[in-house]
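# Tertiary structure, described
One letter stands for each residue in the lines below.
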Amino acid sequence: MRLILGSASPRRKELLAQIGVVPDAILPPDIDEDPQRGELPRPYCLRLAREKALAVDAGPDDVVLCADTTVALGRRILGKPRNAGEAAAFLVALGGRRHSVITAVAVRRGERLWLREVVTAVKMKRLSDVELNAYLSSGEWQGKAGGYAIQGLAGAFVPWISGSFTGVVGLPVAETAALLAAAGWPVHGGCA
Ligand SMILES: Cc1cn([C@H]2C[C@H](O)[C@@H](COP(=O)(O)OP(=O)(O)OP(=O)(O)O)O2)c(=O)[nH]c1=O
């Protein structure tokens, strides 16, 4: 039995390491991340996590772990911005409001699949032009859903969250540990 992390995200690898889990292999899946017409954020996020887990080439006894993080502003899905202009538009839309960050985690072993979503409410303050421009110049928005990373400079813009901090960063570790255990992968809370 091997543990395969199906993710190109360095954050997910680090968050797994935080709970003492080290994958045997990292095989990022390549799937189409475009939302379907009219698709809502939560079903979208669950669908992507599932599709990622199914796209990883693994043996029948291997445990595959994948996740997807989606920022939802009401019914709107904010994915990874394609450029700085789109990141700016996302941050302006998020400023002064509450939004949700959904992370869906999928664990697969052979034909069996365990799926779980974790939704966290996040409040972002309204950014001044100086803050917005400094953040865009930092480049930290790149590759991040919603165009920000709470674990970096944007932490200064987030006065409040309700839910899972690790879920916002990309992998809710408590729920992930439970899913891995359900699939038969031993997680010992740091004693692995
Ligand atoms: C909101 C938020 C997102 N993110 C990141 C987590 C995810 O890596 C990314 C959302 O993109 P995802 O599509 O979930 O993941 P990914 O493309 O980085 O990696 P893979 O599909 O191979 O697993 O946004 C943060 O790091 N901090 C945050 O505060």
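Residues numbered from 1 in each chain as written. Predicted model: local features only at pLDDT ≥ 70, side-chain atom pairs only at ≥ 80, totals over all residues. Heavy atoms only, no water.

- Looking at an unreviewed UniProt entry, one finds the protein chain named dTTP/UTP pyrophosphatase and attributed to Ruixingdingia sedimenti.
- Comment text from UniProt for the protein chain, heading Sequence similarities (unreviewed entry), reads "Belongs to the Maf family. YhdE subfamily."
- We quote the UniProt Cofactor (unreviewed entry) comment for the protein chain here in full: "a divalent metal cation". (UniProt positions renumbered as here; feature names shortened; annotations may be inferred.)

## Regarding the UniProt feature "active site" (unreviewed entry) in the protein chain
- Under the present numbering, the feature "active site" (unreviewed entry) in UniProt falls on Asp68.
- Locating Asp68 in the fold gives a position in strand 3 (residues 63-73).
- Assessed through its relative accessible area of 4%, Asp68 is described here as buried.
- Setting aside chain neighbours within four positions, we find Asp68 in contact with Arg12, Glu33, Tyr44, Cys45, Leu48, Ala49, Lys52, Ile102, Thr103 and Ala104.
- Here Thr70 takes part through its side chain, which lies 2.8 Å from a polar atom of the side chain of Asp68. (Helix = DSSP H or I, 4+ residues; strand = E, 2+ residues; numbered from the N terminus. Buried < 20%, exposed > 50% of the residue type's maximum accessible area, 1.4 Å probe, protein only. Contact = heavy atoms within 4.5 Å. Polar contact = N/O pair within 3.5 Å; in protein donor to acceptor, adjacent residues only side chain to side chain.)

## Looking at the layout of surface pockets
- Approximately 780 Å³ is the volume attributed to the largest pocket.
- What lines the largest pocket is a set of 38 residues, and nearest its centre among them are Glu33, Thr69, Lys80, Gly143 and Ala145.
- Among the secondary structure elements, those contributing two or more residues to the lining of the largest pocket are helix 1 (10-18), helix 2 (41-55), strand 3, strand 4 (76-78), helix 3 (84-94) and helix 5 (165-169).
- Broken down by element, the lining of the largest pocket gets its largest block of residues, 5 residues, from strand 3.
- Class assignment of the residues belonging to the lining of the largest pocket gives a composition of 19 nonpolar, 9 polar and 10 charged. (1 Å grid on protein atoms, 1.4 Å probe; cavity = no way out; pocket = protein on both sides within 12 Å on 5 of 7 lines; lining within 4 Å. Points joined across faces, edges and corners; volume = space filled by probe spheres on them. Nonpolar A, V, L, I, M, F, W, Y, C, P; charged D, E, K, R; others polar.)

## Here we look at the environment of Ala89
- Its place among the elements puts Ala89 in helix 3.
- Residue Ala89 is classed as partly exposed on the basis of its relative accessible area, which comes to 42%.
- A C-alpha to C-alpha distance of 28 Å links Ala89 and Cys66, two positions 23 residues apart in sequence.

## Quick word on the site of the ligand
- The full set close to the ligand counts 20 residues, and Ser7, Ala8, Arg12, Lys52 and Lys80 are the nearest of them.
- Here an oxygen atom of the ligand sits 2.7 Å away from a polar atom, N or O, in the main chain of Ala8.
- Between an oxygen atom of the ligand and a side-chain N or O atom of Gln151, the distance comes to 2.8 Å.
- Isolated, the ligand exposes 610 Å² of accessible area, and the fraction of that covered by the protein chains is 94%. (Near = heavy atom within 4 Å. Areas by Shrake-Rupley, 256 points an atom, 1.4 Å probe, with all protein chains shown as cover.)

## With respect to the pairing of strand 3
- Among the 11 residues of strand 3, 11 are classified as buried, and the element is accordingly described as predominantly covered.
- In this sheet, strand 3 lies alongside strand 1 (residues 3-5) in parallel orientation, the contact comprising 3 bridges. The residue of strand 3 that forms the bridge with Ile4 is Val64.
- Pairing analysis gives 10 bridges linking strand 3 to strand 5 (residues 97-109), with the strands arranged antiparallel. Counterpart to Val71 in the pairing with strand 5 is Val101.
- As paired elements, strand 3 and strand 4 share 3 bridges and run antiparallel to each other. Paired with Val71 across the bridge in strand 4 is Leu78.
- In this structure, the hairpin formed by strand 3 and strand 4 is closed by a connection of 2 residues, where Gly74 is found at a positive phi of approximately 60 degrees. (Pairing = 2+ DSSP bridges.)

## What to know about helix 1
- Among the residues of helix 1, Arg12, Leu15 and Leu16 are the ones counted as buried. Axial view of helix 1: buried residues confined to an arc of 100 degrees, hence all on one face. Facing away from the buried surface of helix 1 by more than 90 degrees, the exposed residues are Glu14 and Gln18.
- Looking at the packing, one finds that the buried side of helix 1 touches strand 1, helix 2, strand 3, helix 5 and helix 6 (173-182).
- Phi turns positive, to about 75 degrees, at Gly20, one or two residues after helix 1. (Arc of directions from axis to C-beta.)

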